Amino acid sequence: MKAKNILVLILLIVLIALIAIFVLGYANSDKFKSDLDAEISNLQDQAEKAVNDALGNANAANNPKNDAKMPANYNEIALDENVLIHFIDAGQGDSILIQYKTENILIDAGDNGKGTIVSDYLKSKGVYSLKYLVGTHSDADHIGGMDELIKNGIAFEKYFGTYMPKDTKAYENLVKLTVDKKVSLFRGQLLDTKIPILVLNPTQKLEFNGQNDNSVVLYVDLGEVEILLMADCEIVCENSILQANLPVTAEILKIGHHGSYSSTGEDFLNKVNPQTAVILVGKDNDYGHPHKETLDKLTQKNVKIYRTDLDGTIVFNSDGKNYVVLTGNMPN
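This section reports on the structure supplied with the text. Keep in mind the model is a prediction, meaning the values are calculated, not measured.

Turning to its location among the elements, Glu103 is positioned in strand β3 (residues 103-107). Distance in space between the C-alpha atoms of Glu103 and Thr193 is 7.8 Å, their sequence separation being 90 residues. Non-local contacts of Glu103, meaning those with residues more than four positions away in its chain, are made with Ile98, Lys131, Asp192, Thr193, Lys194 and Ile195. Among the polar contacts listed, one links the side chain of Glu103 to the backbone nitrogen of Lys194, at a separation of 2.7 Å.

Given below as structure tokens:
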């Protein structure tokens with residue numbers, strides 16, 4: 001019995017030695033090294049995923065320049081009605097209305113004292129209720145008219161925007177009027193709307209110190225026609241969006257910051273490659289907007305330019321494949 005046990009032990013030792021010789025020989029092979037590297041990489045990926053799962057969004061919040069990912073529910077749609085996008089002439093300020101079926105979205109409401117112009121325009125189009133009211137940032141020429149707009153009877157379901165506070169009466173009024181309906185959205189997220197509207201800016205946490213570069217930037221995808229709405233995003237913000245690898249190519253570009261030379265950088269403009277540009281700007285404004293530098297860039301690329309100071313309210317009517325542009329006083 002003892003002899004049998006000794007024999008089994010000897011055979012086991014020999015087997016282990018053979019395995020060791022094989023492993024040592026394999027370890028010197030390129031294939032072994034390649035397999036080992038792959039396994040190490042796999043373990044690293046698993047470890048990184050485990051850490052990210054444990055931390056939730058904390059890592060992304062602390063690293064806003066990391067590539068954003070397209071949301072899983074982002075899908076182009078086939079329109080069964082036309083979309084109307086109104087660039088409202090509210091002087092030196094922004095106000096944009098998007099209409100699809102029964103859904104209405106208003107982005108900004110002009111400067112202080114301009115809310116009635118915007119609300120009257122909405123009512124002339126039969127719009128009394130909004131799915132989203134968006135304040136792209138806290139500057140008065142974008143949110144100053146919102147208190148009048150709301151007091152004039154324009155209702156809204158959700159408010160999105162103005163993540164950076166500002167010590168102004170306009171901002172204080174807006175906070176009071178929207179506090180119960182405010183939703184938080186950041187780069188790479190979708191609005192829950194009938195047409196895909198993707199948030200390209202701001203980042204979470206806010207990447208910049210200034211209002212303009214933390215503006216809400218929206219990418220509206222109608223299928224074969226895309227519209228990029230840049231608010232007051234300047235070149236540093238544009239570069240951040242480019243680094244995020246989200247879509248920016250668009251047929252229609254709402255020019256950032258009223259056509260200031262501080263926006264619409266060459267790299268960004270080349271990537272967007274628009275057919276048509278819209279500049280929301282007041283006639284004879286104190287800032288000299290739009291600046292010659294921006295107009296020259298657009299002209300050199302043969303981009304058709306529309307301006308509210310020259311053309312009045314500008315409306316794009318699109319079936320998702322093509323679009324037409326109407327300007328001036330629009331029929332009800």
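Attention shifts here to the environment of Ile197. Tracing the chain through its elements places Ile197 in strand β7 (residues 197-201). Under the relative-accessibility criterion, Ile197 is labelled buried at 1%. A C-alpha to C-alpha distance of 5.5 Å links Ile197 and Tyr219, two positions 22 residues apart in sequence. Apart from the residues lying within four places of it in its own chain, the contact partners of Ile197 are Ile98, Ile105, Gln189, Leu190, Leu191, Leu218, Tyr219 and Val220.

In this structure the tally under the stated criterion is five aromatic pairs. Plain terms: the ring middles of Tyr306 and Phe316 are 6.3 Å apart, the flat faces sit at 85° to each other, and that makes the pair edge-to-face. One end of the pair, Tyr306, is in strand β12 (residues 304-307); the other, Phe316, is in strand β13 (residues 314-318), and 10 residues separate them in sequence. The exposure class assigned to Tyr306 is buried, which follows from its relative accessible area of 15%. An aromatic cluster of at least three residues, connected via ring pairs, comprises Phe87, Tyr306, Phe316 and Tyr323. Of note, Lys181 hangs over the ring of Phe156, and the distance from its end group to the ring centre comes to 4.7 Å.

As a further point, take empty space enclosed by the protein. A complete count under the given rule lists one cavity of 30 Å³ or more for this structure. What the largest cavity holds in volume is close to 60 Å³. Lining the largest cavity, in full, are Asp94, Ile96, Ile107, Asp108, Thr136, Val216, Val217, Leu218, Leu229, Met230, Ala231 and Lys254. Of the residues contributing to the lining of the largest cavity, the split by class is eight nonpolar, one polar and three charged.

Conventions we followed
- Residues numbered from 1 in each chain as written.
- Predicted model: local features only at pLDDT ≥ 70, side-chain atom pairs only at ≥ 80, totals over all residues.
- Heavy atoms only, no water.
- Helix = DSSP H or I, 4+ residues; strand = E, 2+ residues; numbered from the N terminus.
- Contact = heavy atoms within 4.5 Å.
- Polar contact = N/O pair within 3.5 Å; in protein donor to acceptor, adjacent residues only side chain to side chain.
- Buried < 20%, exposed > 50% of the residue type's maximum accessible area, 1.4 Å probe, protein only.
- Phe/Tyr/Trp six-rings, centres within 6.5 Å; stacked < 30°, edge-to-face > 60°.
- Lys NZ or Arg CZ within 6 Å of the ring centre and 35° of its normal.
- 1 Å grid on protein atoms, 1.4 Å probe; cavity = no way out; pocket = protein on both sides within 12 Å on 5 of 7 lines; lining within 4 Å.
- Points joined across faces, edges and corners; volume = space filled by probe spheres on them.
- Nonpolar A, V, L, I, M, F, W, Y, C, P; charged D, E, K, R; others polar.

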